[in-house]
Amino acid sequence: MDFGLGEEVTAIQDMARKFTQQEILSGPEEDGFKRDLVTKMGELGLFGCAFPPRYGGSDSGFLAHSVVTEEISRADSGLRPLFNLQALTVPYTIMEWGIPDVKDKYVEDLVSAKRIGCTCFSEPNAGSDIASIETRIEDRGDHFLINGAKTWISNGTIADLAIVYGTHDRNLKHRGLCAVVVETDQPGWSTRDTPKLGDKASPIAEIYMENVKAPKENLLGEWGKGFTIAMTALDRGRISVASGAVGLAQACLDASVKYANERVQFGKLIGEYQLVKGVIAEMVSQVEAARLLVRRGAWLNDKDRPFTREIAIAKYFAGEAVVKAAGMAMEVHGGMGYSLEMPVEKYYRDSKLYQVGEGTSNIMRLLIADDALGIKKANRPRIHVPSDFRDLN
Ligand SMILES: Cc1cc2nc3c(=O)[nH]c(=O)nc-3n(C[C@H](O)[C@H](O)[C@H](O)COP(=O)(O)OP(=O)(O)OC[C@H]3O[C@@H](n4cnc5c(N)ncnc54)[C@H](O)[C@@H]3O)c2cc1C
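Residues numbered from 1 in each chain as written. Predicted model: local features only at pLDDT ≥ 70, side-chain atom pairs only at ≥ 80, totals over all residues. Heavy atoms only, no water.

In this section: the domain arrangement of the protein. Interface size is commonly expressed as the accessible area that is lost once the parts come together. Splitting the protein by domain gives domain 1 (7-111), domain 2 (117-224) and domain 3 (228-392). Its C-alpha centre places domain 1 at a distance of 23 Å from the equivalent point of domain 2. Listed per partner, the contact involves 23 residues of domain 1 and 21 residues of domain 2. Three residues stand out in domain 1 for area buried against domain 2, namely Phe33, Leu85 and Tyr106, and they jointly supply 26% of the buried area on that side. One salt bridge connects Glu183 with Lys105, and the closest N-O pair in it is separated by 3.4 Å. Taken together, the links from domain 1 to domain 2 amount to 7 residue pairs in polar contact (both at pLDDT 80 or more). Counting residues per element, the ones that place at least two in the side of domain 1 that touches domain 2 are α4 (80-97) and α5 (100-111). Top element by residues in the side of domain 1 that touches domain 2 is α4. It accounts for 10 residues. The residue inventory of the side of domain 1 that touches domain 2, partitioned by class, reads 12 nonpolar, 7 polar and 4 charged. (Domains from an automatic or database assignment. Contact = heavy atoms within 4.5 Å. Buried area = accessible area lost by both parts, 1.4 Å probe. Salt bridge = Lys/Arg side-chain N within 4 Å of Asp/Glu carboxyl O. Polar contact = N/O pair within 3.5 Å; in protein donor to acceptor, adjacent residues only side chain to side chain. Helix = DSSP H or I, 4+ residues; strand = E, 2+ residues; numbered from the N terminus. Nonpolar A, V, L, I, M, F, W, Y, C, P; charged D, E, K, R; others polar.)

Let us now look at the site of the ligand. Close to the ligand lie 15 residues, the nearest being Phe121, Ser122, Ser128, Trp152 and Thr360. Side-chain polar atom of Thr360 to an oxygen atom of the ligand: 2.7 Å apart, as the coordinates give it. In this structure, Asn362 approaches the ligand through a side-chain N or O atom, which is 3.1 Å from a nitrogen atom. Contact with the protein chains hides 61% of the accessible area of the ligand, taken as 970 Å² for the molecule alone. Of the pockets mapped on this structure, the ligand occupies the largest pocket. (Near = heavy atom within 4 Å. Areas by Shrake-Rupley, 256 points an atom, 1.4 Å probe, with all protein chains shown as cover. 1 Å grid on protein atoms, 1.4 Å probe; cavity = no way out; pocket = protein on both sides within 12 Å on 5 of 7 lines; lining within 4 Å. Sits in = over half its atoms within 2 Å of the grid points.)

Shown next as structure tokens:
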């Protein structure tokens, strides 16, 4: 076994780290969506690891995507949802399931950040249970007509296009789901900003669709096969979420080590006390274990092997590890953890999303336990996407 990243991925990691040091960590500390920063990330190719050159990518794979995500999140985990959507969930799903014209129209624009994308699964009555989606997609002959409401949509207020999951027949549950690309300037599309705890760099929206039209060519995959598309997109998204959790947990560790080496109490650095050392050792172990699990998942995907089980384990472990790490960082900082002058209060707020997004910790535990108990195998043979974009270089 070789646990090294290899030359190419190490170079990409260095480039991403340099970028975050120059553009994120040394910049003004105000929180919020920054279009200029996203444009720079696109221009530098940070969104392109998983894409072939034809679509503006570097073809360096999901392991490379994972290490870049980790670096972004280590600098500002609030950017991670946006990063996932631009670098993976929206363009990758279109690349896998769209017809050639639709891929040509959208994928490169997303990877280069000329356009911003969002993915719309969640609804007021459909969160973990995606099969209960109520948004209606009707086939009106020469176009689709979409009606419904979505909640918790990252990038929702700023997106130029969206992948909307809806049903053509609610009675069919998951077999009725369809996925359609919708341009958000269509009449009937409206959004409302959702105030939230953390992740301020990636805005969240409620979305309302009233008789919104989409061209027929914008259907992804087959009519009624949206559930399969959703599941493959979520598996890949978990690589991104779990990588982001590792990055933020590393930031918690970095801040704690720095503080423990500076703060003096009872005449000694607090890092010299065994109880503080114990907390640091726990954080180091959690971060390293989470990172190995995540990289295994990304590597399996790069090797075209099933990875649903492995990435669920990674997402569950890393999601829990980062929340623990953020709590431990607060502990090491004492009262200063509570201060807006220190980064750890933001780490604490941002960490909670990792137990929720791309499948909650409970949903991951169900998947892992059902597999272990022989109730339902998590890993299925790889799904063959309609067109093999890997030949398109
Ligand atoms: C910051 C943020 C960004 C998001 N971005 C997006 C986005 O871009 N696009 C999008 O579509 N969605 C997005 N979401 C929504 C997210 O995917 C959902 O919040 C998540 O899937 C959980 O759904 P829910 O909130 O409705 O919780 P629920 O499904 O209602 O779950 C509530 C609780 O019940 C538990 N639970 C539910 N079912 C079971 C079960 N069968 N067994 C055991 N426990 C169960 C859950 O684990 C959880 O603890 C985002 C959410 C947040 C907070």
